[in-house]
Amino acid sequence: MDDVGLYAMLSLIVPIAVIIVIIIGKMLRHQEIPDSRYTPFDQITGHAPVVFQEHKETKEDEDEAGDDKDKNEREGCCVLEGDGLYRKLLDEGIAGPQEIRGCSEEELRNFEMENNLRLPGSYRNFLLTAGHGAGRLLHGTDILWDQVTSLREAAEELLAENDESFTLPEDAFVFSMHQGYAFMYFLLSDGENPAVYMYVEGSGVPRKAYSSFDSFLLEELNLHSERQNGKSETA
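So, here's what we can say about the structure.

**As for the pairing of strand S7 (residues 207-210)**
Then comes step 1: One ladder, built from 3 bridges, connects strand S6 (residues 196-200) with S7; its direction is antiparallel. Among the inter-strand pairings, Tyr197 is bridged to a residue of S7, identified as Lys208.
Then comes step 2: Counted between consecutive antiparallel strands, the loop separating S6 from S7 contains 6 residues, among which Gly202 sits at a positive phi close to 80°.

Structural data, given as structure tokens:
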């Protein structure tokens, strides 16, 4: 009778244990943190199911992430002002002098007048420095000025194709599109250094990815530098 009882107990415990192991495995797999050396769009192409899944984080993790974003914003205001972006592109080996081509003030002013809007100062600085050419910065992503002017329409089409209930706010300015299935935007009403939001195909509501445009740009520059240094160390 003892053997029969033992077998009965095992027949109940083993399936439950297997189920628990499967559930834990799925949880751990979904909680995987992407390699910090990847850009947001590297993560889109290589880790889409992970990057855009909303995770529950502890208060400590959220505070730490907030501190990092504040630090990037403070550094961005200093590093990227004036000719800082131009020098950063050169110093990090992202572009040569002949590859860095900015928009003209007249070009941007005409666009603003035609569309009755005012581009934020941080974004204008990027465009005036490298709006027509930024070397390998965000290579493969539509972010240059001749591409940007049609991106809002492309973003709205992407949302419609995926039957998303979300619609872009009236003052949303889409400044980048990656491979036709992911885009970033900011709100024109959000000041001179607006927060950046990201959407990827099928992800539902866009999420706030950066506290400011300068934070986004500075992180892209730093990540490129980290990848270059990693290649140099392994060479």
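Additional details are given in the paragraphs that follow.
**Things to note about the packing of aromatic side chains**
Then comes step 1: Within this structure, the stated rule accounts for 18 aromatic pairs.
Then comes step 2: Taken together, a centroid distance of 6.1 Å and an interplanar angle of 55° make the contact between Tyr123 and Phe175 tilted. With Tyr123 in helix H6 (residues 121-130) and Phe175 in strand S4 (residues 172-178), the pair connects residues that are 52 residues apart, well separated along the chain. Like Tyr123, the residue Phe175 is buried in the burial classification.

**A few points about the pattern of salt bridges**
Where charged atoms of side chains with opposite charge meet at close range, the side chains can pair.
Then comes step 1: Counting across every chain of the model gives 5 salt bridges.
Then comes step 2: Here Glu105 ties to Arg109 by a salt bridge, and the two come within 3.8 Å at their closest N and O atoms. With Glu105 and Arg109 both in helix H5 (residues 105-115) and 4 residues apart, this pair spans about one turn of that helix.
Then comes step 3: Across the pair Glu112 and Arg124 runs a salt bridge whose closest N-O atoms are separated by 3.0 Å. Of this pair, Glu112 sits in helix H5 while Arg124 is found in helix H6, placing the two residues 12 residues apart along the sequence. Side by side, Glu112 and Arg124 carry an identical accessibility label, which is buried.
Then comes step 4: Because the salt bridges share partners, they merge into one network encompassing Glu105, Arg109, Glu112, Arg118 and Arg124.

Calculation criteria
Residue numbers here run from 1 along each chain, matching the order of that chain's written sequence. Since the coordinates come from a predicted model, pLDDT governs what is reported: local features require at least 70, and pairs of side-chain atoms require 80 or more to be given and counted, while whole-chain, interface and lining totals use all residues. Side-chain metrics in this entry use all non-hydrogen atoms of the structure; hydrogen atoms and water are not considered. Two strands pair if DSSP finds at least two bridges between them. A run of H or I in DSSP counts as a helix once it spans at least four residues, and a run of E counts as a strand once it spans at least two, with each numbered from the N terminus. For this analysis, a ring pair means two rings from Phe, Tyr or Trp (six-membered ring only for Trp) whose centres lie within 6.5 Å, classed as stacked if their planes differ by under 30 degrees, edge-to-face if by over 60, and tilted for the remaining angles. Relative accessibility under 20% of the residue-type maximum defines a buried residue, over 50% an exposed one, and the middle range a partly exposed one, all with a 1.4 Å probe and only protein chains included. When a carboxyl oxygen of Asp or Glu lies within 4 Å of a side-chain nitrogen of Lys or Arg, that pair is called a salt bridge.

None of the figures reported here should be taken as evidence of function without further support.
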